[in-house]
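# Commentary on secondary and tertiary structure
Listed below are the residues making up each chain.
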Amino acid sequence: MKATHIIIGLLLIWFIPTQAAIIELKPGNSIQEAINQAAEGDTLKILPGIYLEHEIIIRKPLTLIGVDYPTIDAMDKGNVIIVAAENVHIEGLRIIRTGKSNLDDSAGIKFFDSKNCTIINNRLEQTFFGLHFSNSSNLTIKNNTLISVAEREFQTGNGIHLWKCKDSFIENNFIQGHRDGIYLEFVTNTESNHNMVLENKRYGLHFMFSHENSYYKNTFKRNGAGVAVMYTRNVIMKENIFEENWGASAYGILLKDITDSEVIGNIFRKNTIGIYMEGSSRTIFKRNEFNQNGWAIKLMASCDQNTFEANNFLGNTFDISTNGSVVLNTLTKNYWDKYEGYDLNKDRIGDIPYRPINLFSVIVEKIPSAVILWRSFLVTLLDRMEKVIPSITPENMIDHSPKMNPYDFRTANS
Amino acid sequence: MFKLLKYSLLDIVKSRFALLYTVFLILVAISIYQVSEDMSKVSLSLLNIMLMMVPLIAAIFATTHFFNNLEFTELMLAQPVKRRDVFLSQILAVIVVLSLAIIIGFGVPMILWGADVTVLTLLGIGIGLSIIFAGLAFMASVLTRDKAKAIGISLSFWIYFSLVYDGFVLYLIYSLSDYPLEKTTLGLVFFNPVDLGRIIMLMQLDISALMGYTGAFFQQFFGSAKGILLSSAMMLIWMLWPMGVAMRVFRKKDF
């Protein structure tokens, strides 16, 4: 028995190198030439150093592995690597200085019509677009660092850009300073996990017409306008952190025409607006924490059948505001730190309902200048009166079972 | 002048009012610190006290002090001392006592439970408002002969600045909502010391909400060196002009 094992093992060791050769590249060698000469399935091992190349085209299954991050410097010209093939694996490269043009969407690595590709552990710096994929599927994009240093929105492209792709993983990437951190359009069945998306000029995450996708444990911080997601159904967003998105039109998340989705266990902290919703329906918001936002939720009257259940609202300036008197959404069992009711039967649910909209937020919605009177005695007085006898605020925006104590999500989520 | 100040101070301390006020503030501060652990909530609750209670007490205390000491003042005026010194000693004594009460009343709990820039700003605003309302109260006092009338005027100053004025501003904003009003409202704020104090605090407390378009405009103004300088200058003017008017009247007043 043992002898046969050893023979099989030896045979395997013998056969693998003949199937795929390993080609080593030193600085000074041309990567493009090496690729042209390589056979399908070969591995190119790129040794450390600087390679001044751009428009490197890969049209066959290949593995590119960088040793100690060799730098491919495109010197501000065009794309760096262009892939149109299956089973391409790119790992450990440092790619810098792509062209800066919207004509060809210059990118660090660009994929067309590709399948089963993996992009792991790469560093992209000063790229226009970082990783750009179109019409591809089964991609794994993992552990990449993408940093752009543009000062304005039009000077840079998107970090990870997927157009018409499906069945992919975007995991554990770090994206900073691009236009949109992650941009998905017509992308289905894709999962984005554990990404850190920081300080991008426009949106941290931007997707449109991208159904059946899920987003877990990502962090979106200090992006120009937060996160914007539009015209999509069946989205799952779980345990993400949306933080410090400040500005005139900055949102933790902007949901426009999102249906049948779930927003669960996320943290919204210190955003001007935590969630802004328009034309969205049948979406469930559960176990989220809204902490120190200007407005925790702006729920436009065009939304219907959404459920807000068991969320924590802590230290927000305004909890909820809306623009109409019709409310077709349900609020239930949330904890509101501004709730002043009592609990006589000790079931930990307040005995009188809570109205999360205060009069002043309605006024500020109509006349933004009035925000300057916030926290003045007069406004506090008006709010009290409105709480007792609601006249201007929508009567149906009401939580009939407000919790007396905040939920502890830390134990529940882990 | 200093001798006069010393005697007026001793007089106030003897009246036990200062002690009561300090104890009251300490109790309020302690209860606020006990109830909420979050620093921003503490400063928020303290802000409400500062904006409501402090001006009210300053106004009433200053008026009653002026009239309680009227006989002493008249006696002093018969002596060869400058009228200016008599007046200043009276008002300074009130200001010193009110400020000390705030510093001890809020400062001791702050030392015990920790403070940050926001709370320190708040302390400054409280002292500023005390000075302003003491000045307004003295102005009301020298303009009338009757204690009740003077208290009435002081109270109406307080109601005007903390309630009526904001009502006017809100009405104005509401009825002219079709026009861009950022600059106008900014200007209007400068004519009310209570609002001014509140806005300076708002800039530190509700940053997220104020970052909306209008908020960003205010934030930009009050955050810039020019804004800070202008708002502190305005606070200073508010402290000085009622006092100045009161002193002018006092110097020529026939007691």
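Residues numbered from 1 in each chain as written. Chains lettered and ligands numbered in written order. Predicted model: local features only at pLDDT ≥ 70, side-chain atom pairs only at ≥ 80, totals over all residues. Heavy atoms only, no water.

## Section: the packing of aromatic side chains
Counting across every chain of the model gives 35 aromatic pairs over all chains. Between A:Phe209 and A:Tyr231 the ring centres are 5.4 Å apart and the planes differ by 15 degrees, which places this aromatic pair in the stacked class. One end of the pair, A:Phe209, is in the loop between β22 (205-208) and β23 (214-216); the other, A:Tyr231, is in strand β25 (residues 226-233), with 22 residues separating them in the sequence. Ring geometry for B:Phe17 and B:Phe61: centres 4.2 Å apart, planes at 10 degrees, overall stacked. Within this pair, whereas B:Phe17 is found in helix α2 (residues 17-35), its partner B:Phe61 is found in helix α3 (residues 39-68), the two being separated by 44 residues in sequence. Assessed through its relative accessible area of 25%, B:Phe17 is described here as partly exposed. Taken together, the ring pairs connect A:Phe220, A:Phe242, A:Phe268, A:Phe290, A:Phe313, A:Trp336, A:Tyr339 and A:Tyr354 into an aromatic cluster. The aromatic ring of A:Trp295 is capped on one face by A:Lys298, whose charged end is 4.4 Å from the ring centroid. Sitting over the ring of B:Tyr7, B:Lys6 keeps its end group 5.6 Å from the ring centre. (Phe/Tyr/Trp six-rings, centres within 6.5 Å; stacked < 30°, edge-to-face > 60°. Helix = DSSP H or I, 4+ residues; strand = E, 2+ residues; numbered from the N terminus. Buried < 20%, exposed > 50% of the residue type's maximum accessible area, 1.4 Å probe, protein only. Lys NZ or Arg CZ within 6 Å of the ring centre and 35° of its normal.)

## Topic: the side chain of A:Asn288
Residue and element names in this part refer to chain A. By the element assignment, Asn 288 lies in the loop between β32 (284-286) and β33 (289-291). Using a relative accessible area of 0% as the deciding quantity, one classes Asn 288 as buried. If we ignore the near neighbours within four places in the chain, the residues touching Asn 288 are Val 263, Ile 264, Gly 265, Asn 266, Phe 268, Ala 310, Asn 311, Asn 312 and Phe 409. (Contact = heavy atoms within 4.5 Å.)

## Brief notes about the UniProt feature "domain: Carbohydrate-binding/sugar hydrolysis" (unreviewed entry) in chain A
Those residues carrying the UniProt feature "domain: Carbohydrate-binding/sugar hydrolysis" (unreviewed entry) are residues 46-185 of chain A in this numbering. As a span, residues 46-185 of chain A carries 0% helix and 43% strand, and end to end its C-alpha atoms are 33 Å apart. (UniProt positions renumbered as here; feature names shortened; annotations may be inferred.)

## Some details on the domain arrangement of chain A
Residue and element names in this part refer to chain A. Splitting chain A by domain gives domain 1 (20-205) and domain 2 (225-357 + 394-414). At the junction of the two partners, domain 1 supplies four residues and domain 2 supplies five residues. Considering only the side of domain 1, the residues that lose the most area to domain 2 are Arg 202, Tyr 203 and Leu 205, jointly responsible for 88% of the buried surface there. Between domain 1 and domain 2 we count zero salt bridges in total. Looking at the side of domain 1 that touches domain 2 residue by residue, the class counts come to two nonpolar, one polar and one charged. (Domains from an automatic or database assignment. Buried area = accessible area lost by both parts, 1.4 Å probe. Salt bridge = Lys/Arg side-chain N within 4 Å of Asp/Glu carboxyl O. Nonpolar A, V, L, I, M, F, W, Y, C, P; charged D, E, K, R; others polar.)

## Here's the deal with empty space enclosed by the protein
For the structure shown, the criterion picks out two cavities of 30 Å³ or more. As for the largest cavity, its lining consists of A:Arg355, A:Ile357, A:Asn358, A:Leu359, A:Asp383, A:Glu386, A:Lys387, A:Pro390 and A:Thr393. A breakdown of the residues in the lining of the largest cavity according to their chemical character gives three nonpolar, two polar and four charged. Taken as a whole, the second largest cavity holds about 30 Å³ of empty space. Lining of the second largest cavity is provided by A:Ile372, A:Leu373, B:Tyr165, B:Val169, B:Thr185, B:Leu188, B:Val189 and B:Asp195. When contributions to the lining of the second largest cavity are tallied by element, the ones reaching two or more residues are α7 (147-175) and α8 (182-189) of chain B. The dominant element in the lining of the second largest cavity, judged by the number of residues it contributes, is α8(B), at three residues. The class makeup of the residues in the lining of the second largest cavity is six nonpolar, one polar and one charged. (1 Å grid on protein atoms, 1.4 Å probe; cavity = no way out; pocket = protein on both sides within 12 Å on 5 of 7 lines; lining within 4 Å. Points joined across faces, edges and corners; volume = space filled by probe spheres on them.)

## Notes on the environment of A:Asn173
Residue and element names in this part refer to chain A. The residue Asn 173 is located in the loop between β17 (169-171) and β18 (174-176) in this model. You can call Asn 173 buried: its relative accessible area is 1%. For the pair formed by Asn 173 and His 194, sequence separation is 21 residues and the distance between their alpha carbons is 7.4 Å. For Asn 173, the residues in contact, after removing those within four places along its chain, are Ile 141, Lys 142, Asn 143, Asn 144, Ile 160, His 194, Asn 195 and Met 196. A distance of 3.5 Å separates a polar side-chain atom of Asn 173 from the backbone nitrogen of Asn 143. (Polar contact = N/O pair within 3.5 Å; in protein donor to acceptor, adjacent residues only side chain to side chain.)

## Regarding a positive patch on the surface
Residues and elements named next belong to chain B. On the surface, a cluster of positive charge is contributed by Lys 82, Arg 248, Arg 251 and Lys 252. Tracing the backbone shows Lys 252 in helix α12 (residues 225-252). For Lys 252, a relative accessible area of 71% corresponds to the exposed category. (Patch = residues over 30% accessible without salt bridge, like charges linked within 9 Å, V, L, I, M, F, W, Y side chains within 5 Å. Areas by Shrake-Rupley, 256 points an atom, 1.4 Å probe, with all protein chains shown as cover. Lys, Arg positive; Asp, Glu negative; His and termini not counted. Charge placed at Lys NZ, Arg CZ, Asp CG, Glu CD.)

## Things to note about the UniProt feature "transmembrane region" (unreviewed entry) in chain B
All names here are of chain B. Here, the residues flagged by UniProt with the feature "transmembrane region" (unreviewed entry) are residues 12-33, 45-67, 87-113, 119-143, 155-176 and 228-250. When the span residues 45-67 is considered, its composition is 100% helix and 0% strand, and the gap between its end C-alpha atoms is 33 Å. Within the segment residues 228-250, helix and strand shares are 100% and 0% respectively, and the terminal C-alpha atoms sit 33 Å apart.

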